[in-house]
Amino acid sequence: MTCSAAKSSDRPPPVTGARTIPPIRLAAFDVDGVLTGGGLFYSGSGDAMKVFDVRDGMGIRLLQEAGIEVAIVTSRRAPMVEARAADLGIRNLQQGVQDKASAFAGLLSALAVAPEASAFMGDDLVDLPAFRLCGFAVTVADAPAVLKRHAGHVTRARGGHGAVREFCELLLHRQGILAARTRYFLGRPAG
């Protein structure tokens, strides 16, 4: 018995909004509500915990392998975010950021990336200033309506539940890289 070919539902979703995706060299992500579901779990001793989706992590690794720089820009500070960034090899981690526009502009400058060659994925009002700076703004399915109005793409998946992976695959597909990466994992030549 063999598996059937990819279904149309396996393809990345169409880009919503008026903009197309420019060639991206930097993809930056918020944490709470994007890389996680937005919930905070507290232990009896007051320690906070977050849950990250492993498929989102694979999407980030695929971006890195394609030469796309990855960054995390988040308003909160949490040791588990530092651990997750280290686990994924993300060198550009900014926590405790109150002004995401300044932080994102600093990343663009430090990495010598033009704003139009950058993407930012956020889920709440504090992310809107970064949306205005980047070439392609993305939000999650469960974001507030105002974020959806300012995003070039809204994922089908909710934050922390595959939205980052969906966005990563969309970027790689539009840049002509996803098919080659898929063939690699199938053990077939990239050509």
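Higher on the page you've got the structure.
Predicted, not measured: the structure shown is a model, and the values here were computed from it. (Residues numbered from 1 in each chain as written. Predicted model: local features only at pLDDT ≥ 70, side-chain atom pairs only at ≥ 80, totals over all residues. Heavy atoms only, no water.)

A. Local environment of the overall build of the protein chain. Across its full length, the protein chain carries eight helices and eight strands. Residues counted as buried form 45% of the 191 residues belonging to the protein chain. Taking the intrachain contacts of the protein chain between residues at least 6 apart in sequence as the baseline, contacts between residues at least 24 apart amount to 56%. Here the protein chain displays about 9800 Å² of accessible surface, and carbon together with sulfur accounts for 54% of that area. (Helix = DSSP H or I, 4+ residues; strand = E, 2+ residues; numbered from the N terminus. Buried < 20%, exposed > 50% of the residue type's maximum accessible area, 1.4 Å probe, protein only. Contact = heavy atoms within 4.5 Å. Areas by Shrake-Rupley, 256 points an atom, 1.4 Å probe, with all protein chains shown as cover.)

B. Quick look at the sheet that holds strand β4 (residues 69-73). An order of β5-β4-β1-β6-β7-β8 is seen for the six strands of this open sheet, with the pairing classed as parallel. Of all the strands in the sheet, the pair left with one neighbour each is β5 (92-94) and β8 (153-154). Pairing geometry for strand β1 (residues 26-29) and strand β6 (residues 118-121), over four bridges, is parallel. Bridge pairing in β6 links L26 to S118. (Pairing = 2+ DSSP bridges.)

C. Local environment of the pattern of salt bridges. Inspection of every chain in the model, using the stated rule, returns nine salt bridges. D32 is the salt-bridge partner of K50, the closest N and O atoms lying 2.5 Å from each other. Of the two residues, K50 is situated in the loop between β3 (48-49) and α2 (54-65) and D32 in helix α1 (residues 31-35); the sequence distance between them amounts to 18 residues. Of the two residues, K50 and D32, neither departs from the other in class, the shared state being buried. (Salt bridge = Lys/Arg side-chain N within 4 Å of Asp/Glu carboxyl O.)

D. The arrangement of the side chain of Q95 in detail. Following the sequence through the fold, Q95 ends up in the loop between β5 and α4 (100-111). Judged by its relative accessible area of 13%, Q95 is buried. Polar contacts involving the side chain of Q95 include one to the main-chain amide nitrogen of A78, which spans 2.8 Å. For Q95, the contacting residues outside a window of four places in its chain are T74, R76, R77, A78, V81 and E82. (Polar contact = N/O pair within 3.5 Å; in protein donor to acceptor, adjacent residues only side chain to side chain.)

E. Layout of a nonpolar patch on the surface. On the surface, F41, M49 and V51 cluster together into a nonpolar patch covering about 300 Å² of accessible area. Note that M49 resides in strand β3. For M49, a relative accessible area of 42% puts it in the partly exposed group. (Patch = residues over 30% accessible without salt bridge, like charges linked within 9 Å, V, L, I, M, F, W, Y side chains within 5 Å.)

F. Main features of the side chain of K50. Using a relative accessible area of 12% as the deciding quantity, one classes K50 as buried. A distance of 2.5 Å separates the side chain of K50 from the side chain of D32, its partner in a polar contact. Every residue in contact with K50, bar those within four places of it in the chain, is listed here: V31, D32, T36, L40, R76, A78, M80 and V81.

Coordinates in, geometry out; function isn't part of it.
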